[in-house]
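# Coordinate analysis (summary)
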Amino acid sequence: MDFPSATATQQQQLHVERRVEHIFEALVNVTPGGQSVILELWRDKHIDYLLQGFRRLAPSYCVLDANRSWLCYWILNSIALLGQSIDADHGQHTVDFLCRCQDPNGGYGGGPGQMPHLATTYAAVNSLVTIGGQTALASVNREKMLQFLLRMKDPSGGFRMHDAGEMDVRGCYTAIAVASMLKILVPSLVHNVANYIVSCQTYEGGIAGEPGAEAHGGYTFCGLATLVLINEAHRLDLPSLLDWVVFRQGRVEGGFQGRTNKLVDGCYSFWQGGVFPLFQRLTDLVQQQFSMSYIKSDQWDANSKQECITESAKSVIEENNAQQLHAIETGFIDEESSSTVTAENIFPAIDCFRKTSLHIETVEEDPAGRSRSMNDNMPGVGDSGLSFLDKDIKCGPLFNTHALQGYILLCSQVLDGGLRDKPGKSRDHYHTCYCLSGLSTAQYSWSCRTGTPPSPSAVLGPYTNLLDPVHPLYNVVLERYYDANRYFSNL
Amino acid sequence: MSSSEDDEEEVRVPLSQRQEWSDVEPIPQDDGPDPVVSIAYTDEFRETMDYFRAVFAADERSTRALELTAEVIDLNAGNYTVWHFRRLILESLQSDLQEEIKFIELVANKATYKNYQIWHHRRWVAEKLGTIATTSELQFTQKVLCLDAKNYHAWSHRQWALQALGGWENELEYCRELLEVDIFNNSAWNQRYFVITKSPFLGGLQAMRDSEVSFCTNAITKNPDNESPWRYLRGLYKGNNEAFVNDPAISKVCICVLEKNRNCVFALSLLLDLLCYGFQPTPDLNRILSTWGFSGSDQKYANFVCLILEKVDPMRARYWIWRRDSLPSHIC
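Computed from a prediction, not measured in an experiment: that's the story for all the values here.

Across its full length, chain B carries 18 helices and 1 strand. Radius of gyration (C-alpha) of chain B: 28 Å, far over the 20 Å computed for a compact globule of 332 residues. The dimensions of chain B, computed from C-alpha atoms along their principal axes, are 90 × 50 × 35 Å. Contacts in chain B between residues far apart in sequence, at least 24 positions, make up 63% of those at least 6 positions apart.

Oppositely charged side chains may form a pair once their charged atoms are brought near each other. Applying the stated rule across the entire model yields 43 salt bridges over all chains. E47(B) is the salt-bridge partner of R12(B), the closest N and O atoms lying 3.5 Å from each other. A residue pair is termed long-range when its members are at least 10 positions apart, and R12(B) in the loop between α1 (2-11) and β1 (38-39) and E47(B) in helix α2 (residues 43-57) qualify at 35 residues. E47(B) sits in the buried class, given a relative accessible area of 14%. Where E180(B) meets R176(B), a salt bridge forms, and the shortest distance between an N and an O atom there is 2.6 Å. Taken together, the residues span about one helical turn, with E180(B) and R176(B) both in helix α9 (residues 171-181) at a distance of 4 residues. Through salt bridges with shared partners, one network takes in D243(A), R248(A), E227(B), R231(B), R234(B), D273(B) and R323(B).

This next bit is on empty space enclosed by the protein. Here the idea is plain: a probe the size of a water molecule rolls over the atoms and shows the empty space left. Under the defined criterion, the tally for this structure stands at 7 cavities of 30 Å³ or more. Considering only enclosed or pocket space, the largest cavity measures out at about 170 Å³ in volume. In terms of lining residues, the largest cavity is bounded by 17 residues, among which P277(A), R281(A), Y444(A), V470(A) and P472(A) are the most central. In terms of residue count, the dominant contributor to the lining of the largest cavity is helix α22 (residues 429-444) of chain A (3 residues). Of the residues belonging to the lining of the largest cavity, the class tally is 7 nonpolar, 8 polar and 2 charged. Put simply, the second largest cavity is a space of about 70 Å³. In this structure, the second largest cavity is lined by D65(A), P112(A), G113(A), Q114(A), Q29(B), M49(B), F52(B), R53(B), F56(B), N79(B) and T81(B). The dominant element in the lining of the second largest cavity, judged by the number of residues it contributes, is α2(B), at 4 residues.

With that out of the way, let us pick up the nonpolar core. Generally speaking, nonpolar side chains in soluble globular proteins are found buried as a group. Core analysis: the biggest nonpolar cluster contains 254 residues, and M145(A), L149(A), L224(A) and L242(A) have the highest contact counts within it. Excluding residues within four positions of it along the chain, L149(A) makes contact with L118(A), F159(A), A175(A), V178(A), A179(A), I184(A) and L189(A).

For the coordinates displayed, the defined rule picks out 44 aromatic pairs over all chains. Measuring from centroid to centroid gives 6.0 Å for F256(A) and F276(A), while their planes differ by 35°, and the two rings are tilted. Of this pair, F256(A) sits in the loop between α13 (238-246) and α14 (268-271) while F276(A) sits in helix α15 (residues 275-280), and the two are 20 residues apart along the sequence. F256(A) sits in the buried class, given a relative accessible area of 0%. The exposure class assigned to F276(A) is buried, which follows from its relative accessible area of 1%. Within the aromatic cluster, the residues linked to one another by ring pairs are W70(A), Y73(A), W74(A), Y122(A), Y173(A), F221(A), F270(A), W271(A), Y430(A) and Y434(A). When the ring centre of W21(B) is taken as origin, the NZ or CZ atom of R64(B), which lies over that ring, is 4.6 Å away.

What follows covers helix α4 (residues 80-93) of chain B. Note on helix geometry: an α-helix contains 3.6 residues per turn, so any two residues three or four positions apart are oriented the same way. Across its 14 residues, α4(B) extends 20 Å between first and last C-alpha, which sits within 8% of the 20 Å expected from 1.5 Å per residue. For α4(B), the complete set of buried residues consists of Y80(B), T81(B), V82(B), W83(B), H84(B), F85(B), R86(B), R87(B), I89(B) and L90(B). Looking at the buried residues of α4(B), the elements they touch are α6 (118-131) of chain A together with α2, α3 (63-75), α5 (97-110) and α6 (116-129) of chain B. One side-chain oxygen at the N-terminal end of α4(B) lies 3.1 Å from the backbone nitrogen of T81(B); it belongs to N79(B). At the C-terminal side of α4(B), Q94(B) shows a positive phi close to 50°.

For chain A, per-residue confidence averages 90 on the pLDDT scale, and residues scoring 70 or more make up 88% of the total. Residue range residues 363-381 of chain A is modelled with pLDDT below 50. Its contacts to residues more than four positions away, or to other chains, number 21 contacts.

Residues and elements named next belong to chain B. Looking at the element boundaries, V125 is found in helix α6. V125 sits 35 residues away from L90 along the chain, and the two C-alpha atoms are 9.7 Å apart. When residues no more than four places from it in sequence are discounted, the contact partners of V125 are L97, E100, I101 and I104.

Turning our eyes to something else, we now look at the interface of chain A and chain B. Taken residue by residue, the interface counts 110 residues in chain A and 93 residues in chain B. In total, about 9000 Å² of surface goes out of reach between chain A and chain B, with carbon and sulfur atoms giving 54% of it. On inspection of chain A and its partner chain B, the count reaches 8 salt bridges. Between R323(B) and D243(A) there is a salt bridge; the shortest N-O distance is 4.0 Å. By residue number, the principal contributor to the side of chain A that touches chain B is helix α17 (residues 311-331) of chain A, which donates 8 residues. When the residues that make up the side of chain A that touches chain B are grouped by side-chain class, the tally is 47 nonpolar, 37 polar and 26 charged. The pairing of strand β1 (residues 56-57) of chain A with β1(B) spans 2 bridges and is parallel. Directly across from R56(A), in β1(B), lies its bridge partner S38(B).

Each value, and the rule that gives it
- Residues numbered from 1 in each chain as written.
- Chains lettered and ligands numbered in written order.
- Predicted model: local features only at pLDDT ≥ 70, side-chain atom pairs only at ≥ 80, totals over all residues.
- Heavy atoms only, no water.
- Helix = DSSP H or I, 4+ residues; strand = E, 2+ residues; numbered from the N terminus.
- Rg over C-alpha atoms; globule rule 2.2 N^0.38 Å.
- Contact = heavy atoms within 4.5 Å.
- Salt bridge = Lys/Arg side-chain N within 4 Å of Asp/Glu carboxyl O.
- Buried < 20%, exposed > 50% of the residue type's maximum accessible area, 1.4 Å probe, protein only.
- 1 Å grid on protein atoms, 1.4 Å probe; cavity = no way out; pocket = protein on both sides within 12 Å on 5 of 7 lines; lining within 4 Å.
- Points joined across faces, edges and corners; volume = space filled by probe spheres on them.
- Nonpolar A, V, L, I, M, F, W, Y, C, P; charged D, E, K, R; others polar.
- Core = buried A, V, L, I, M, F, W, Y, C linked by side-chain atoms within 4.5 Å.
- Phe/Tyr/Trp six-rings, centres within 6.5 Å; stacked < 30°, edge-to-face > 60°.
- Lys NZ or Arg CZ within 6 Å of the ring centre and 35° of its normal.
- Expected span 1.5 Å × (residues − 1).
- Polar contact = N/O pair within 3.5 Å; in protein donor to acceptor, adjacent residues only side chain to side chain.
- pLDDT = per-residue confidence, 0-100.
- Buried area = accessible area lost by both parts, 1.4 Å probe.
- Pairing = 2+ DSSP bridges.

Take a look at the structure:
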């Protein structure tokens, strides 16, 4: 079937869909045992690729010479997600190297002697947190860092990426994330940040890089995570943001696109997929905004009395819904045939869990886990990065976590190690980092408490695919975050 | 272009052998004894960077330093430090910025249009040039968008140019042309929204609403599977749900699409929103829902639409369940 009248967008989309369907066919045509093999995460291959890059990069990487702090972060975070770490010597070498990227007046550049830049500063700090330990954490000059961040602050509320550099939502996220991690988040940094980010939320619901621009996955994560870190997420139109982001998951691909009508890309597994763990901890706020947007009961002529639903009434409703759903299913004729090999057909969003309930399974409280973070939470000090982890998670993820895992494992992995944007593209360290971060996010979406191991049914493929959990706001491995948080809290 | 590149390669003399650089002591990169993520630099790259470090450290704002920054940018257009230093030199030398515009086009042609540094530099130059750059900026972005109609940087630059320099007159027409070529181009839809809300000539969203609703519902009717106009339609009534529900064109397009394809997720999802905002069910709606087994008597419309969405949009089933669970009891 060819579509001669299709526009460029449609043709490119169909091309990718066919390619992905072809890959998924291999999965449905094998036995369950074979499926487990096909869905395996090639850990050793990825580690080899990462370590190789950590040591030496080919001449073609000259164009990334201003991104070496990023390369450190992409590689170290990937290795940490895979449950491993570099040895102590290499850790020390990285600290030495990043010290050479640190500017005497604060902040980090992309390489030794380069100007400090907010993005590479974020990458360097996250790298040092991931390495962990006194030497790494003490190597950050926090006083100078605060001066640097304040120098980048613009009266509009945003941040410039470097001295006289460009300003966009990345600047807000990297500056606020670093300040929050290092416990130097002073009011003058926070001033007007929310106004700037709110001005970047578009009519579509997602967040753009600058006011007026198009809603985009990367900026959406950055904007929302920033506002959570400064306790101002309520300033956004959260229902429209949620509605926009749920529609970014491809029905055929299972992975996420970055913008409306654009192609799937593995890196959005984190930038878009990472928005959902934030929403799971903001459900009260979202519901509140949802009901505010709905027509008020007093504007409704009939039926204006708000009844309190009893348990027995609830079960009657559930029973009714089940009957109606059954009727819909009986009357449902899928014009495009549900036998096509698409992500939504082979990775059902609800059948592997309870049919109509969103309730997340509760597990035994881990008192040690809770007290660990609670003890560090000093009264009077607003640490949203920490307290956010303790927020109640009242419902499961609002996206298809298995379909996303399916896309990453089947379409993003490269046989020789590393992960990629989509089939036909080459691997790189950036995509390796964000595909793995997204995979971890999807796997842990069913944990009722941050970082507790999910049930086997939440992990697609063999349970050995399970990665380490990351902090949903900073994207560093959770354990290293706790260590760093303790260190910087006690200074 | 490739032949001129070859010519350049042939005539390149190492900086160490150039008379004009003989007074400069190159500064090697301070990578330390045990570097990590070390790049196997080419000789040319290493040497050029060593000389750059020397002029940067000496803050030498000279013509030869300006030329050197061009060589570094040629090797790595992502080096923001070099671009920054180049701006300092341009200011000190009071260089001809029209020449700089030409330089940027050369770099952009060779490197990539997906690079923050090039676009930031371009904005800086255009800002200094002022309104005489209006046409050149609109033409430049148009050229880039011809090659890649969704280039994020190009659209941002174009929006900046319109706001800072002007040139709004034909922008709505430009959006229309792009949408005619590819109605699925969401960047063009976004630009259209930008124009109708920000253009000083169009009177703003309120003034444009009716004609835009008509443009948009037309696009929906032709391609109900195109998400862009569905989102645009909501955007036209952003923050005014009451007017949204009361505009008969909105519910009409929903019903029309569902008449032809009752599985259309975008139409069902808009219908759900309308019901939540107080839309009063019509006989047409009852007829469509009855094909799904809806009897109307003791069933709630919004709840039922959620159930349909769970079925026809399994990828988002969890979201639709959540929407259903969140429906207040007074909604019909």
